[in-house]
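# Analysis of the macromolecular model
Chain residues, written in single-letter form:
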Amino acid sequence: MNHHTDTLTRKAYAKINLGLDVVRRLENGYHEVRMIMQTVGIYDVLTFTAAQSGIRITTDSGELPVGEDNLIYRAARLLLEEGNVSVGVDIHLEKHIPIAAGMAGGSSDAAATLLGLNELFALGMPEERLRQLGVRIGADVPYCIMGGTALAEGIGELLTPLRPAPQCVLLIAKPDIQVSTKYVYEHLDAGNAWQHPDIDGMRCAIENGDLSGVVARLGNVLETVTIEAYPVIDRIKREMVSGGARGSLMSGSGPTVFGIYDSREQARAVRDNLERQGLARELFVTEMQHAVS
Ligand code: ATP
C-alpha cells in the first residue's frame, strides 16, 4: 500500500456452496451447519477514503440501504470503534454480486470493509481478530475474510481451509425472485428429516483434486424447501444439465443456481438459452477463485 494515499480499493468476492448440510437447530434459533464454501470470480468493488468524521456510504445499486442497515456500515462502525480510530470514512460500493441470492454478497462486503479499513488506518489487527469481529456481523463473514475453498462448521464460523477445488467453468444464474433465508430455515425445521449430503466425501474429493467426485457429491439440504416454493429453480437446474453441465446445484438458501461445465462455449450457450427463456436475468460465466486479495 502507498502510505501517502488516503484511498484504498478492495474486491469483495461472492461464494457458492458446493455442499450444504444442516446438522441441527440450536436453542438460539441458529443452525449448526457443515458447508463446503468456494469463492467465485464475481465481485463487488469497495473504495475507502478517510474522512473527517462519520461513516458515509454511496453505491451504484438502487436496491440497497446506505445507513446502519448496510452490513458495510456495521463493519466500518465496529472496526473504527475497536481500533480507536478518531476520524471517519467514506465508502463507495460498486455492486455486481446478486442481492439476497445465497452468494454472501453482504457478508463479503462486510469482510472487505474490515480488511480494507484495517489496512487504510494501519491498525495491524491480525486476521484472527478480524474474523472474531466479523462473526458479530454475520456467520459467513469470517469465511469471506479467508476466502478460497473451505469447510465451514458451527454456525459457519469454524473454518478449515481446503486445497483449492479442481478448476472448471461455472455458469451462475439468479432468477428474478426474492428468497428469505428465514423462510427457508423455518420450513426446513417444520418438514421431515432430510437426506444429508456427503460433506466428508466432498472434502476428500477436493483434497484429491477429483472433479468427478466433487460433482457426484453436490448437495444442498435447503434445495427441497426453496424449490418447492419456487419451481423455476428446478427448471434452471434441468436446463443447465441438458445443456451439458456435469452437475448443477442451488447455492445457500437460494435462489441462485450454478452449473459446472468443461468449456466456456457450453456455459455461454446455456446462459443465452436461460436469458432467452426469461428464466434468469443475472447470469455469469466464471470460474472458481483461489486467491482473494
Ligand atoms: P447469504 O448467502 O449470506 O445468505 P445473500 O446473498 O442471501 O447472503 P445478501 O446479498 O448478503 O444475501 O443480502 C441480504 C440482505 O442484506 C438484503 O436484503 C440487503 O438489503 C441486506 N444488505 C445489507 N447490506 C448489504 C450489502 N452491502 N450488500 C448486499 N445486501 C446487503
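Report on the accompanying structure. (Residues numbered from 1 in each chain as written. Predicted model: local features only at pLDDT ≥ 70, side-chain atom pairs only at ≥ 80, totals over all residues. Heavy atoms only, no water.)

Before going further, it helps to examine the sheet that holds strand E9 (residues 247–250). Across the sheet, four strands lie side by side as E9-E10-E7-E11; this open sheet has antiparallel pairing. With one partner strand each, in any of the chains shown, E9 and strand E11 (282–287) form the two edges of the open sheet. On average, each strand axis in the sheet is tilted by 20° relative to the strand beside it, whichever way the strands run. In the sheet, strand E7 (residues 169–174) pairs with strand E10 (residues 257–261) via five bridges, with the strands oriented antiparallel. Directly across from Ile172, in E10, lies its bridge partner Phe258. Sitting on the sheet, helix H9 (residues 232–242) is in contact with E7, E9 and E10, with an inclination near 10° to E10. (Pairing = 2+ DSSP bridges. Helix = DSSP H or I, 4+ residues; strand = E, 2+ residues; numbered from the N terminus. Axes fitted to C-alpha atoms, helices over the stretch in contact; angles between N-to-C directions. Contact = heavy atoms within 4.5 Å.)

This paragraph deals with the packing of aromatic side chains. Note on aromatic pairs: each is described by the distance of the centres and the angle between the planes. With the rule as written, the count across this model stands at one aromatic pair. Taking the centre distance of 5.3 Å and the plane angle of 65° together, the rings of Tyr13 and Tyr43 count as edge-to-face. In this pair, Tyr13 sits in strand E1 (residues 7–25) while Tyr43 sits in strand E2 (residues 31–51), placing the two residues 30 residues apart along the sequence. Look at Tyr43 and you get partly exposed, because its relative accessible area is 29%. Cation over ring: Lys11 sits above Tyr43, and NZ or CZ is 4.6 Å from the ring centre. (Phe/Tyr/Trp six-rings, centres within 6.5 Å; stacked < 30°, edge-to-face > 60°. Buried < 20%, exposed > 50% of the residue type's maximum accessible area, 1.4 Å probe, protein only. Lys NZ or Arg CZ within 6 Å of the ring centre and 35° of its normal.)

Near the ligand you find 20 residues, and of these Asn70, Leu71, Ala100, Ala104 and Gly106 are the closest. Within the backbone of Ala104, an N or O atom sits 2.9 Å from an oxygen atom of the ligand. Alone, the ligand offers 610 Å² of accessible surface; in the complex the protein occludes 77% of this. Within the residue set of the shell around the ligand, elements represented by two or more residues are helix H1 (71–82) and helix H2 (105–120). (Near = heavy atom within 4 Å. Polar contact = N/O pair within 3.5 Å; in protein donor to acceptor, adjacent residues only side chain to side chain. Areas by Shrake-Rupley, 256 points an atom, 1.4 Å probe, with all protein chains shown as cover.)

This next bit is on the nonpolar core. One finds Val89, Leu117, Leu222, Met240 and Leu274 to be the most contacted residues of the largest nonpolar core, which totals 69 residues. The residues touching Leu222, leaving out its near neighbours within four places in the chain, are Leu20, Val22, Val184, Tyr185, Leu188, Met250, Gly252 and Ser253. The next biggest cluster of nonpolar side chains, apart from the first, holds 27 residues, and it includes Ile16, Leu18, Ala165 and Ile172. (Core = buried A, V, L, I, M, F, W, Y, C linked by side-chain atoms within 4.5 Å.)

Let's shift gears to the pattern of salt bridges. For the coordinates displayed, the defined rule picks out 23 salt bridges. Its salt-bridge partner being Glu32, residue Arg24 comes within 2.7 Å of it at the nearest N-O pair. For Arg24, a relative accessible area of 45% gives the class partly exposed. Owing to a relative accessible area of 22%, Glu32 belongs among the partly exposed residues under this scheme. (Salt bridge = Lys/Arg side-chain N within 4 Å of Asp/Glu carboxyl O.)

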